[in-house]
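Coordinate analysis (summary)
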Amino acid sequence: MQPYYYAMKIPFSSLFVLFLLPLFSACGGNEALENEANSKKVKISQQVRDAHSYANTNEIRTKHLHLELEVDFSTKTIYGVARHEMTNLGTDTAIFDIRGLEIQKVTIGSKGNEINTDYVIGQEDEILGAPLSVKIKQNTENVNIYYKTTDHSGALDWLDPQLTEGKKHPYLYTQGQAILTRTWIPCQDTPANRITYSADVQVPTDLMAVMSAKNPTQRNKQGKYHFEMHQPIPAYLIALAVGNLSYRSLGKNCGVYTEPELINAVAWEFVDLNKMIQTAEDLYGKYEWEQYDVIILPYSFPFGGMENPRLTFANPTLIAGDRSLISVIAHELAHSWSGNLVTNATWDDFWLNEGFTVYFENRIMEALYGKEVADILALIEFQELEQEVKDIQAGDHPNDTYLKLALDGRDPDEGMTSIAYVKGAFFLKTLEETVGRAKFDAFMKAYFKAYKFQTLTTEMFEAYLQEHLLIPEGINFNTKDWLYGKGIPDNCVRLHSPRFEHVEALAVQLAEGKNIFKGKNLKRSDYVTQEWQAFIRKLPRDIDIAQLKLVDEHLNFKACGNAEIMTEWYVLGIQAGYDELRPEMAKLLKKVGRRKFLLPIYRELAKSEKNMSFAHQVYREARKNYHSISVKTMDDLLKYHPN
Ligand SMILES: [Zn+2]
């Protein structure tokens, strides 16, 4: 069928030679054209080499992508055309990233004036997928790729109705970060290139489609939706969700999408959304994306939240019923500056997205709920960082505690540790403490402005920091230790919280065998989620099971509905041999697909043979309820091989 579909046997490097004829030689003496090409060349050549993309963005790059998509739930397939409008410096080959896609044909020319062209699919790499090399002309600016998705399109999570809240309609959502956009759209899948996009999407008439773009708030009768994203974004931020959705406005430019069954609970939980946006703008400047909405997806979503621009994708585990997990929304909102507006150029620079965002999230929480709450959040994260530093240093990649990573040849998801998030944030906190808040805030504001709608590397940030903060202030700061050194540097700020210490003291009493409930009316609502997490972490791993049962009698941690607390509790329960938790634990593992909760529980279970057989028994049933990102992690962890 496909004229140039070589069955992935020829090494990519040799294919490359076939096509790479001399570049920039055919400008025919037209001076204006040459100048234009030269200025484009300067702009493009500034782009950084990304080890996780095959795209030749230094020669040709997408400016605008138009998608024509048909979402077919009966075959769990998206049929698509990806129309790339490109800046071409005169190359005769355009290379795109693909993985798990079936390419049907490729044409060049604008819609209606298209001609078929040859293409070659290179050797498949397990992590990166394959390069799709398209033969073009030196003046080609439009490349159209006709394709369909397959079972191996890892970005896509197709859910049968029983996995949704309403249990009547199927659901689909995508997750692009880090390098999964190439599994549902053939594209130059590197954060180093920013594109605008538009889309025409056909879905079943009883469902609504939304994207990381300007969105509808109501279903239309034809199931046809048009989307526009005018601000240039990296490809990993293209996102789509299709389901039985309803919308509720929560302010002049914000609101929530979810299934109708959940809309009241979601609107109640996120009532502070409008205030949050205002607070963020007061801190670091204008919100550049016009609208900010949140969609609460089904439970299988592998993350707490994903910062798709204009429309954060979020996990229903955030709906705790007490607004205690709202900091995740502060985090995703903060990404509208760090990550979406100013973006890491490669996945080795991931801390530029996440460290800034955790810092910014904490500042929003402080402004809205006070320093005590913000410090408790930061302290619980710092505990996780200290543990993870130990784990990483004892593991196969001890240098993963550097902020600047070296993920060449590895899945960029391996960089999603608390190093990028929390060490990154504490680097900025330490800088803030060193120069003072006023100067640091002015620096942050200037940084977001200087790099808005651009991408940068750690080295570029280091130079900017030096030039715009440290040199002018005459400060000698150990920046290199933080960026390119291991662990947590000695000058890291340390936080203290009296409330935190109080709840930890309670844990010590419980561990000593005391009845901490006697004569007191201690309730779960006396402390916030993160304080209870600190309480659980403080308990010794060999604690008497009778003491754990006492806690469950009074506080019902085992079935409290708050997945943060339940996860900590189950991990302790496994370690202490509190096997009565198993039925509730199995329930959580079968319902929730968020990796943050699955990983610690399965990891703990995997440590002993008797628990491992329980883990396998649960996982066998639960696996189909997870997104591919979680499946991959758990398959590796549990050494699970589906037939
Ligand atoms: Zn984040």
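Since the model is a prediction, treat every value here as computed from it, not as a measurement.

Things to note about the overall build of the protein chain
Across its full length, the protein chain carries 19 helices and 21 strands. Rg of the C-alpha trace for the protein chain: 25 Å, near the compact-globule value of 26 Å for 643 residues, within the 12% margin. By its C-alpha atoms, the protein chain is 90 × 65 × 50 Å across when sized along the principal axes. Taking the contacts inside the protein chain whose residues are at least 6 apart along the sequence as the reference set, 73% of them involve residues at least 24 apart.

Topic: the sheet that holds strand β14 (residues 240-243)
Strand order in the open sheet made by the four strands is β9-β10-β14-β12, with antiparallel pairing throughout. Looking at strand neighbours, the two that pair on one side only are β9 (156-159) and β12 (208-211), the edges of this open sheet. Averaged over all pairs of adjacent strands, the angle between strand axes in this sheet comes to 10°, irrespective of strand direction. Where strand β10 (residues 171-174) meets β14, two bridges bridge the pair, whose relative direction is antiparallel. Bridging across to β14, tyrosine 173 finds its partner in alanine 241.

Considering the sheet that holds strand β6 (residues 119-121)
Spatially, three strands are ordered β3-β7-β6 in an open sheet, and the strand pairing comes out antiparallel. Edge positions in the sheet fall to β3 (93-98) and β6, since each has one partner strand and no second. Between one strand axis and the next, the sheet turns through 20° on average, direction left out of account.

Description of the environment of glutamate 621
Within the secondary structure layout, glutamate 621 lies in helix α18 (residues 609-622). On the neighbour-count criterion, glutamate 621 (11 C-beta atoms within 10 Å) is exposed. In this structure the C-alpha to C-alpha distance between glutamate 621 and alanine 546, which are 75 residues apart in sequence, comes to 31 Å.

A short note on the domain arrangement of the protein chain
Accessible area lost upon the coming together of the parts is a frequently used measure of interface size. In terms of domain boundaries, the protein chain breaks down into domain 1 (12-244), domain 2 (337-496) and domain 3 (498-638). With centres defined by C-alpha atoms, the gap from domain 1 to domain 3 works out at 42 Å. At the junction of the two partners, domain 1 supplies four residues and domain 3 supplies four residues. Residues of the side of domain 1 that touches domain 3, tallied by class, amount to one nonpolar, two polar and one charged.

Section: helix α9 (residues 437-450)
Helix length check: α9, at 14 residues, gives a terminal C-alpha distance of 20 Å against a target of 20 Å (1.5 Å per residue), a fit within 8%. Within α9, the full set of buried residues consists of Phe443, Met444 and Tyr447. The arc enclosing the buried residues of α9, seen along the axis, measures out at 100°, which places them on a common side. Against the buried residues of α9 lie α4 (273-284) and α10 (458-473).

Some words on the packing of helix α13 (residues 529-538) against helix α15 (residues 563-576)
Here α13 crosses α15 at 5°, and the two axes come no closer than 9 Å. The angle between α13 and α15 places the two elements in the roughly parallel class. Contact residues: Thr529, Trp532, Gln533, Ile536 and Arg537 in α13; Glu564, Ile565, Glu568, Trp569 and Leu572 in α15. Classifying every residue of the contact of α13 with α15 gives five nonpolar, two polar and three charged.

Notes on the environment of aspartate 272
Mapped onto the fold, aspartate 272 is located in the loop between α3 (263-269) and α4. For the pair formed by aspartate 272 and leucine 250, sequence separation is 22 residues and the distance between their alpha carbons is 8.5 Å. The residues contacting aspartate 272, other than those within four sequence positions of it, are Ile326 and Leu368.

Section: the confidence of the model for the protein chain
When the pLDDT values of the protein chain are averaged, the result is 93; 93% of them are 70 or greater. Overall, residues 1-30 carries pLDDT values under 50, and its contacts beyond four positions in sequence, including any with other chains, amount to 38 contacts.

Some words on the environment of lysine 221
Tracing the backbone shows lysine 221 in the loop between β12 and β13 (224-234). Given 6 C-beta atoms within a 10 Å radius, lysine 221 is considered exposed. Taking C-alpha positions, lysine 221 is 57 Å from arginine 541, a pair spaced 320 residues apart along the chain.

So, the packing of helix α6 (residues 350-369) against helix α7 (residues 371-393)
The angle between the axes and the distance between the axes are what describe a pair of packed helices. In the contact formed by α6 and α7, the axes pass within 7 Å of each other and the chain directions differ by 150°. Between α6 and α7, the interaxial angle falls into the category roughly antiparallel. In contact with Asn362, Met365, Glu366 and Tyr369 of α6, α7 contributes Lys371, Val373, Ala374, Leu377 and Ala378. Here the residues of the contact of α6 with α7 sort into six nonpolar, one polar and two charged.

Observations concerning unusual backbone geometry
The step from glutamine 177 to alanine 178 runs through a cis peptide bond, and the omega angle for that step is -5°. In this structure, arginine 323 takes a positive phi of about 60° despite not being glycine. Mapping arginine 323 onto the fold places it in the loop between β19 (311-314) and α5 (327-334).

Here we look at α13
Burial analysis of α13 places eight of its 10 residues in the buried class, which makes it a mostly covered element. For α13, the complete set of buried residues consists of Thr529, Gln530, Glu531, Trp532, Gln533, Ala534, Phe535 and Ile536. Where the residues of α13 are buried, they touch α7, α12 (498-511) and α15.

With respect to the pairing of strand β7 (residues 130-135)
β7 sits mainly inside the fold: five of its six residues count as buried. Bridge analysis of β3 against β7 gives six bridges, and the strand direction is antiparallel. Note that in β7 the partner of isoleucine 98 across the bridge is alanine 130.

What counts as what
Residues numbered from 1 in each chain as written. Predicted model: local features only at pLDDT ≥ 70, side-chain atom pairs only at ≥ 80, totals over all residues. Helix = DSSP H or I, 4+ residues; strand = E, 2+ residues; numbered from the N terminus. Rg over C-alpha atoms; globule rule 2.2 N^0.38 Å. Contact = placed C-beta atoms within 7 Å. Pairing = 2+ DSSP bridges. Axes fitted to C-alpha atoms, helices over the stretch in contact; angles between N-to-C directions. Buried ≥ 20, exposed ≤ 12 C-beta atoms within 10 Å, placed from the backbone. Domains from an automatic or database assignment. Nonpolar A, V, L, I, M, F, W, Y, C, P; charged D, E, K, R; others polar. Expected span 1.5 Å × (residues − 1). Arc of directions from axis to C-beta. Parallel < 35°, antiparallel > 145°, perpendicular 65-115°, else oblique. pLDDT = per-residue confidence, 0-100.

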